[in-house]
Amino acid sequence: FSIHVQQKTARNMKVLVVGQGGREHALLWKLKQSPSVDEVFCAPGNAGTAVDGVNVDIADNDIQGLVKFAVKEEIGLVVVGPEVPLCAGIVDAFEKAGVKAFGPSKAAAQLEASKIFSKQVMRRANVPTASMEIFSRAEEAIGWLDKQEESPWVVKADGLAAGKGAIVCANRDEAIAAVKLILTQRAFGAAGDQLIIEECLVGQEASILAIIDGSTIIPLETSQDHKRAYDNDEGPNTGGMGAYCPAPLVTPELMDEILEKVLLPTVHAMNTADMPFRGILYAGIMFTETGPKVLEYNVRFGDPECQPVLMRLKSDLAQILLAAAEHRLEEVEPLEWDPRPSICVVMASEGYPASYEKGRPIAGLDAAAEAEDVKVFHAGTKLINGKVVNNGGRVLGVTALGDDLAAAKSKAYEAANKIKWEGGWFRNDISNKASK
């Protein structure tokens, strides 16, 4: 009888996912599969989360409103998707109200909120990364660049700039233009009060995500994102046009090296600084000729990497994230993964990553959803009069599993080609890098 009662209690957890993108839809979809989860809310959510869960009309940056809702609904676990509320201290606010939340504190979230803070942590922890200089005045930065030998640089605004604050410059003139854009023209506002100039690392990039509870680290399967808008990595940078999992580039030996030289020392440095890191630590790693080096840290699931990674996860995500929030990750069994690879193809609005029109009806979603081992995650969508319309730049993440990467790719594109709306488009070469 007591066992029966415990099981019943365990099934009654309500979960709240904060955010409205493809990452949040994937999180909601996976969390809902847990036997311990009764109901999943998403605030504010999109047209896809409205089908798989319950949308709540509260903006993801309305921290007071979200805390009030979580307390009233007796939410057992909050999972925060986007970086802005994390960096604003939303997890601290939930914990203060007695609500368990998965994600870093405001102090620990500085690993993403400030490029300078992040690089200083890396320096202290001896984490391999690009050399850099910090500037707050344009003339000083330009004076420094004038003294350097001609070479490529990366100029980064210090603060959050919606993924657009890192400018890759082929030469000194481009770097000077980037400095002026950030410090003089104030293109990123207060996020550009300071900037860093880094050496430009060359190689292939992969995303390493790990769940951390302050002491225990559980790495997730590797993935590779595609940032440029068009095929063959051409065109402007975007939030990500697709991803696949796993990334063959990251061998087990390289993963061991990343754990030993990147993740462990960073977690240790954050503990030493009295800012224990709990949540997802996402390391963007460049695999250079001299070994793996960290490009930057994020403090949340990547989007679109989250979609193909969670497509393969077979373990109970709700119980893993609850264990992390309760600082008992060491109790979690080794994660179970579907051995098949997965791929996510992002479908975007015409004009993205610049301006685009919203409110265009989307057809073919039901036909795409009928395919086996395919899930269409919604990102920039909205329901208007019962019809799904585009409501953002990145609109859908068509995600598929296949016996091999070629099969997964074929399934994802077959499904994507069934979905139509005026101006909808996607890259045709997601995952091609894996075979090079």
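Note that the coordinates shown come from a computational prediction; the quantities given were computed from them, not determined experimentally.

Caption draft 1: Spatial organisation of the pattern of salt bridges. With the rule as written, the count across this model stands at 26 salt bridges. Between Lys375 and Asp52 there is a salt bridge, with its nearest N and O atoms 2.8 Å apart. In this pair, Lys375 is assigned in strand β19 (residues 374-378) and Asp52 in helix α3 (residues 47-52), connecting sequence segments 323 residues apart. In this pair, the class of Lys375 matches that of Asp52, namely buried.

Caption draft 2: Representation of the sheet that holds strand β6 (residues 132-135) within the structure. Across the sheet, which stays open at both edges, the 4 strands sit in the order β6-β9-β7-β8 with antiparallel pairing between neighbours. Where the open sheet ends on each side, the last strands, each with one partner, are β6 and β8 (166-169). On average, each strand axis in the sheet is tilted by 20° relative to the strand beside it, whichever way the strands run. Relative to strand β9 (residues 195-199), strand β7 (residues 153-157) is paired through 5 bridges, and the arrangement is antiparallel. In the strand pairing of β9, Ala157 is matched with Leu195. Against the sheet, helix α9 (residues 138-146) touches β6, β7 and β9, its axis set at about 150° to β6.

Caption draft 3: Representation of the packing of helix α2 (residues 22-32) against helix α13 (residues 317-325) within the structure. At a minimum axis separation of 7 Å, α2 and α13 run at an interaxial angle of 105°. Considering their axes alone, α2 and α13 lie roughly perpendicular with respect to each other. Where α2 abuts α13, its residues Leu27, Lys30 and Leu31 lie against Leu317, Ala318 and Leu321. Its residues assigned to classes, the contact of α2 with α13 shows 5 nonpolar, no polar and 1 charged.

Caption draft 4: Spotlight on unusual backbone geometry. The peptide bond linking Cys245 to Pro246 adopts the cis configuration, its omega dihedral lying at 0°. Residues Asp303 and Pro304 are joined by a peptide bond in cis, for which omega reads 25°. Here the phi dihedral of Glu74 falls at roughly 55°; this positive angle occurs in a residue that is not glycine. Structurally, Glu74 is set in the loop between α4 (63-72) and β4 (77-80). For Glu74, a relative accessible area of 68% translates into the label exposed. A positive phi is found at Asp373, a non-glycine position, where the angle reads about 60°. Mapped onto the secondary structure, Asp373 falls in the loop between α14 (365-369) and β19.

What counts, and where the lines are drawn
Note on numbering: residues in each chain are counted from 1, in written sequence order. Whole-chain, interface and lining totals are the exception, using all residues; otherwise, since this is a predicted model, local features are given only for residues with pLDDT of at least 70 and side-chain atom pairs are given and counted only at 80 or more. With hydrogens and water stripped out, all remaining heavy atoms of the structure feed into the side-chain values. Here, a salt bridge means any Lys or Arg side-chain nitrogen found within 4 Å of an Asp or Glu carboxyl oxygen. Helix numbering and strand numbering both begin at the N terminus, where a helix is a DSSP run of H or I of at least 4 residues and a strand a DSSP run of E of at least 2. Categorising residues by exposure relies on relative accessible area from a 1.4 Å probe, with only protein chains included: less than 20% of the type maximum marks a residue as buried, more than 50% marks it as exposed, and the intermediate range marks it as partly exposed. When DSSP finds two or more bridges between a pair of strands, those strands are recorded as paired. To define axes, lines are fitted to C-alpha atoms, for helices over the stretch in contact only, and angles between the resulting N-to-C directions are given on a 0 to 180 degree scale. Note on definitions: a residue-residue contact is assigned when non-hydrogen atoms from the two residues lie within 4.5 Å. If an angle is under 35 degrees, it is roughly parallel; if it is over 145, roughly antiparallel; if it lies from 65 to 115, roughly perpendicular; otherwise it is oblique. By the convention adopted, Pro, Cys, Tyr, Trp, Phe, Met, Ile, Leu, Val and Ala count as nonpolar, Lys, Arg, Asp and Glu as charged, and the other residues, Gly among them, as polar.

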